[in-house]
Amino acid sequence: MNKPKIASDWICGCAGCHMSLLDMDERILKIVELADLRATPITDLKEPDESGVDVGVLEGGINNSANEEVAHKMRARSKILVALGDCAVFGGVPAMRNFCGVEAALRRAYVEAESNEPGSEIPNDPELATMTQTRAIHEVVPVDYNVPGCPPDPDVIFHVLSELAQGRKPEIKDDLLHWH
Amino acid sequence: MVQITINNKQIDVPEGTTVLRAAEMAGIQIPKLCEHKELTPYGGCRLCIVEVQGVRVPMASCTLPVNNGMVVNTETEAIKKSRKFILSMLFSERNHFCPFCQVSGGDCELQNAAYHEEMTHWPIQPGWNDFPVDTSHPYFVLDNNRCILCRRCVRACAEMAGNFTLSVAERGAKSMIVADTDVPLGDSTCIKCGSCVQVCPTGALIDRTSAYQGHDEKMTEIKSVCVGCSVGCSINILVRDNRIVRIEGDWEGSVNHGVLCEHGRYDPTTEARKRITTPMMKKNGKLEPVSWEDALNAVKDKLQPLAGNKNGIAALASTRLNAETLTAFKDLFESKIQSGMVTSIEEGVPSSAVMKFSEKQGEFEGKLDMLRSADAVMCVGANIGRSHMVAGFLFKRNLNKGTRFINIDPEESELDELANISLKAKPGSDLALIKGMQAVIHKEGLERSSLTITNADEWIAQAVSASGISAEQIAQAARILAHSVTPVILFGKGVTAQRDEKIVEALYQLAVQIGAIDQERSSLLSIKGEANSLSAALMGLDQPFKLDGQKVTYVAVGDDYVSKYLVEKAAKSAYLVVQASYESKLTENADVVLPVSIWAEQEGHYVNLDGRAQKTAKAISAPENVRDNLDVLNDLAKRMNLALDTDWQTAIRGRKSSVSLN
Ligand code: SF4
Ligand code: SF4
Ligand code: SF4
Ligand code: SF4
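Residues numbered from 1 in each chain as written. Chains lettered and ligands numbered in written order. Predicted model: local features only at pLDDT ≥ 70, side-chain atom pairs only at ≥ 80, totals over all residues. Heavy atoms only, no water.

Asker: Help me get a handle on the overall build of chain B, residues and values and all.
Answerer: A tally of regular secondary structure across chain B gives 21 helices and 27 strands. Over its C-alpha trace chain B gives a radius of gyration of 28 Å, about what one expects of a compact globule, namely 26 Å for 662 residues. Taken over the C-alpha atoms alone, chain B extends approximately 85 × 70 × 45 Å along its principal axes. For chain B, the accessible surface area stands at approximately 26200 Å², while carbon and sulfur atoms represent 48% of it. Here chain B contributes 72 positive and 81 negative side-chain charges, whose respective centroids are spaced 1 Å apart. (Helix = DSSP H or I, 4+ residues; strand = E, 2+ residues; numbered from the N terminus. Rg over C-alpha atoms; globule rule 2.2 N^0.38 Å. Areas by Shrake-Rupley, 256 points an atom, 1.4 Å probe, with all protein chains shown as cover. Lys, Arg positive; Asp, Glu negative; His and termini not counted. Charge placed at Lys NZ, Arg CZ, Asp CG, Glu CD.)

Below you can see the structure in the form of structure tokens.
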């Protein structure tokens, strides 16, 4: 089989971009026809092939050391890297945390929030990923295509994937370009 | 004319045209942000850069005047690259979270510009600094996180409203839009005209009522006229699902050129009065809903026997009603029923003295436009800071450029601070004061056209003793007027309420004396009252309202506000019929209430204070059981076997007008 391989993953996003991907309805069969859908959060295979894929898609920005690893791995294993959605492209909603900083955000979430048990603490297991400032993917690894939208329209995702699967450069403009 | 070539297109444009405008004339749009056609070019955002042959660096086209033979290119690769860079810098400075911004998706000029350059991301990420959000203003929010410092708001506040509230504090990256000395907008000198919001290209100024109510493309835009006062500003009503979402000043408006005041922009969308949606009649001391049939028949039964009886019915109409309705109203009650007490709710307070003087003098008033170029303005008893505000904007915007302002009004107001001279004359002393000014000008030989003044010193002495103002101050005010080249005298209710045409005459003489009135022009103008004040006056609906044993009082209030004074006066009625849109003390006291449409639910004509006949449009539909003001009168007449005249154009020509009508 020599169909181009596509893999995707989500990091600091809300899964909405992948929902929008599914929202392309029967056109997803067209994608399957054109490409070999490999590891994605919604298929069984969870890691992009070690041998590499043609197109890697990342939803979400990068807000901790684990996200960084995923981004680096996807970049290393993909010929073309696509940042999908506003969080991946700009930082998005999670980037609002950058206004107060990591410390204050953790304290608010684990200590101060009304839903916490009295005496709750910020988790400090050394196994846990370390929080960082929230960044767009292109701030951490080089990105070939930024596909904004919160989430991007199914039409936009279909356009990008089908163009890439057919070896063309997707043009994201006019009706296909929106940041919300 | 100068010839210029833009993108290989040759075009001749008038000298002094900017390259940006010249391109527009040639049908070429240059991306821009800080530039706005009604504001002075500022050249701050640099997005409008173009390549000029022979010039090494890109030039901002909004401030660049054309030169003969200039060759300009707007879409070279280098220019496009620079534009993208400029936009990148703008996005990196503040925090733009488009997914939850009310203007994202069509109504943001910044985002549209980025889309135009096909930007899929920000090459330079923002620094995530938190910028202040000011939520203290009743009508809008200022979110500095979305501000691009284009200063359109600052310029609009100064150049449109003449209010100078907004400015930029600090410099460079620390620059911030602030009100006054960096006080919350809600505590500032802002007069709530909303001009800043209308011109803001981004989502930084958020209109409280229309935000998130849909994009502009989802709205139907209806051109109409504000009926808030007699200035008659042109408006665009943005409607969605039969609801007024927002009102904007019409840039094409001949009176206002886009600007509006608080009343015109926000009153309709913040209306709090309760709508009347069914006809009602008083039964056992309580108003009960009834059918139109019953209500109108009851009124007919009351009116019909009183026809021909001069003292049978008192009829009052609001001057916020359109001219068609006022004409029918006058025809029904004055011509057909022959009542002797048919007038307007304003009772001619803002107009009767003016009308009396015009009977003698003919058209003596000027046009609003002259306020734009006035180098001195004297307001007498006209608080243009509270009503007729746009008339004030027309010259307030020039106060920083040397226009002098004299305010004569016993009432304290914020105008006092703006005025070069503020005279607090004792009430009732206007005539003496104006004559005193005439005398000073005469005595000091400053007249452009001389008046017969027998004893100048005596007039001055009388002015001083009557008004309580020093001779020196009177002289100062007089000198300002006499020395100016394009003086304008505005007067309002403070003068006309005295119902004394002698004061109007004195103002006229003063205007002639200082050259404000000559063969070519008249720069004397009264601001009148409500939207159709002048129409009503021209129809003769301007006598004082007196109840004198009438059996029925009919008040056509329409959507007007009801004063306590009117409620008290009408309370003495034997039988009260009220035609109104909103509940009030007056409708509470009524025996019959007829629910009618508001201004935006009907079309009709208004004659503004300087004689422009303008038409309002029907923008929304009235509630189910509510009827048009004119329909109600027509139906009532039909039940009495009468047909009403609605030829308003003839009706307003029944009397000599004080302004030319057009
Ligand atoms: S102002 Fe424009 S660019 Fe900024 S967040 Fe709103 S839509 Fe986006
Ligand atoms: S608030 Fe709006 S109009 Fe004012 S400077 Fe900022 S972006 Fe420009
Ligand atoms: S609402 Fe009018 S007066 Fe107030 S800040 Fe804006 S432009 Fe200035
Ligand atoms: S000045 Fe009068 S007509 Fe103009 S917006 Fe204000 S209320 Fe309306």
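Now that the structure has been shown, we can carry on.
Asker: Just give me the short version of helix H8 (residues 323-336) of chain B, but keep the residues and values in it.
Answerer: Working note: α-helix, 3.6 residues per turn, so residues spaced by three or four point in the same direction. Residues and elements named next belong to chain B. In a regular helix each residue adds 1.5 Å, so 14 residues correspond to 20 Å; H8 covers 18 Å between its end C-alpha atoms and thus fits that length. In terms of residue burial, H8 counts as a mostly covered element, since eleven of its 14 residues are buried. Of the positions making up H8, those classed as buried are Ala 323, Glu 324, Thr 325, Leu 326, Thr 327, Ala 328, Phe 329, Lys 330, Asp 331, Leu 332 and Phe 333. (Expected span 1.5 Å × (residues − 1). Buried < 20%, exposed > 50% of the residue type's maximum accessible area, 1.4 Å probe, protein only.)

Asker: Lay out the domain arrangement of chain B in plain terms, naming residues and giving numbers.
Answerer: Residues and elements named next belong to chain B. Structurally, chain B comprises domain 1 (2-75), domain 2 (102-270), domain 3 (280-350 + 541-651) and domain 4 (352-526). Computed from C-alpha coordinates alone, the two centres of domain 1 and domain 2 are separated by 26 Å. Taken together, the contact pairs 13 residues of domain 1 with 18 residues of domain 2. When domain 1 packs against domain 2, close to 1300 Å² is buried across both sides, 59% of that on carbon and sulfur atoms. Of all residues in domain 1, Leu 33, Leu 39 and Tyr 42 bury the most surface against domain 2, accounting for 44% of the area lost on that side. Seen at the junction of domain 1 and domain 2, the total is zero salt bridges. Applying the counting criterion to the domain 1 and domain 2 interface returns six residue pairs in polar contact (both at pLDDT 80 or more). (Domains from an automatic or database assignment. Contact = heavy atoms within 4.5 Å. Buried area = accessible area lost by both parts, 1.4 Å probe. Salt bridge = Lys/Arg side-chain N within 4 Å of Asp/Glu carboxyl O. Polar contact = N/O pair within 3.5 Å; in protein donor to acceptor, adjacent residues only side chain to side chain.)

Asker: Break down the site of ligand 1 for me, citing the residues and quoting the values.
Answerer: Near ligand 1 you find B:Phe91, B:His96, B:Phe97, B:Cys98, B:Cys101, B:Val103, B:Ser104, B:Cys108, B:Leu110, B:Gln111, B:Thr202 and B:Gly203, and these make up its full shell. Split into classes, the residues belonging to the shell around ligand 1 amount to seven nonpolar, five polar and no charged. (Near = heavy atom within 4 Å. Nonpolar A, V, L, I, M, F, W, Y, C, P; charged D, E, K, R; others polar.)

Asker: Can you explain the sheet that holds strand E24 (residues 576-580) of chain B? Please cite residues and give values.
Answerer: Residue and element names in this part refer to chain B. Taken in spatial order, the seven strands of this open sheet run E15-E14-E25-E24-E23-E16-E17, and their pairing is mixed. Both outer strands of the open sheet, strand E15 (286-289) and strand E17 (341-344), are each paired with one neighbouring strand and no more. Along the sheet, successive strands turn relative to each other by an average axial angle of 15°, direction set aside. Alignment of strand E16 (residues 313-317) against strand E23 (residues 552-558), held across five bridges, turns out to be parallel. Across the sheet, Ala 314 pairs through a bridge with Thr 553, a residue of E23. (Pairing = 2+ DSSP bridges. Axes fitted to C-alpha atoms, helices over the stretch in contact; angles between N-to-C directions.)

Asker: Could you give an account of the sheet that holds strand E7 (residues 145-147) of chain A, naming the residues involved and the relevant values?
Answerer: Residue and element names in this part refer to chain A. Pairing is parallel across the open sheet formed by five strands, whose spatial order is E2-E1-E3-E5-E7. The open sheet has two free edges, formed respectively by strand E2 (36-37) and E7, since each of these has just one partner strand. Here six bridges tie strand E3 (residues 53-59) to strand E5 (residues 78-84), and the two strands are oriented parallel to one another. Paired with Val 57 across the two strands is Val 82, which belongs to E5. Lying over the sheet, helix H3 (residues 65-77) contacts strand E1 (5-10), E3 and E5, oriented at roughly 135° with respect to E5. Across the face of the sheet, helix H6 (residues 154-165) comes into contact with E1, E3, E5 and E7 while running at roughly 175° to E5.

Asker: Could you give an account of the pairing of strand E1 (residues 2-6) of chain B, with specific residues and numbers?
Answerer: Residue and element names in this part refer to chain B. A large share of E1 lies buried, amounting to four of its five residues. When E1 meets strand E2 (residues 9-13), the two strands line up antiparallel, connected through five bridges. Residue pairing across strands places Val 2 opposite Val 13, the latter belonging to E2. Count of turn residues in the E1/E2 antiparallel hairpin: two residues, of which Asn 7 carries a positive phi of about 45°. Of the pairings in the sheet, the one linking E1 to strand E5 (residues 70-73) comprises three bridges and is parallel in character.

Asker: Give me the lowdown on the site of ligand 3, citing residues and values where you can.
Answerer: Every residue near ligand 3 is listed here: B:Phe140, B:Cys157, B:Asn163, B:Leu166, B:Cys190, B:Ile191, B:Lys192, B:Cys193, B:Gly194 and B:Cys196. Residue classes in the shell around ligand 3 are distributed as seven nonpolar, two polar and one charged.

Asker: I'd like to hear about the interface of chain B and chain A, residue by residue, with values.
Answerer: With 22 residues of chain B in contact, the opposing surface of chain A contributes 23 residues. Taking both partners together, chain B and chain A bury about 1900 Å²; carbon and sulfur atoms supply 71% of that area. When the area that chain B buries against chain A is broken down by residue, the three leading residues are B:Tyr115, B:Thr120 and B:Trp128, summing to 34%. At the junction of chain B and chain A, the tally comes to one salt bridge. Salt-bridge contacts for A:Lys173 lead to B:Glu118; the nearest nitrogen and oxygen are separated by 4.0 Å. Here chain B is connected to chain A by seven residue pairs in polar contact (both at pLDDT 80 or more). Tallied by class, the residues present in the side of chain B that touches chain A amount to eleven nonpolar, nine polar and two charged.

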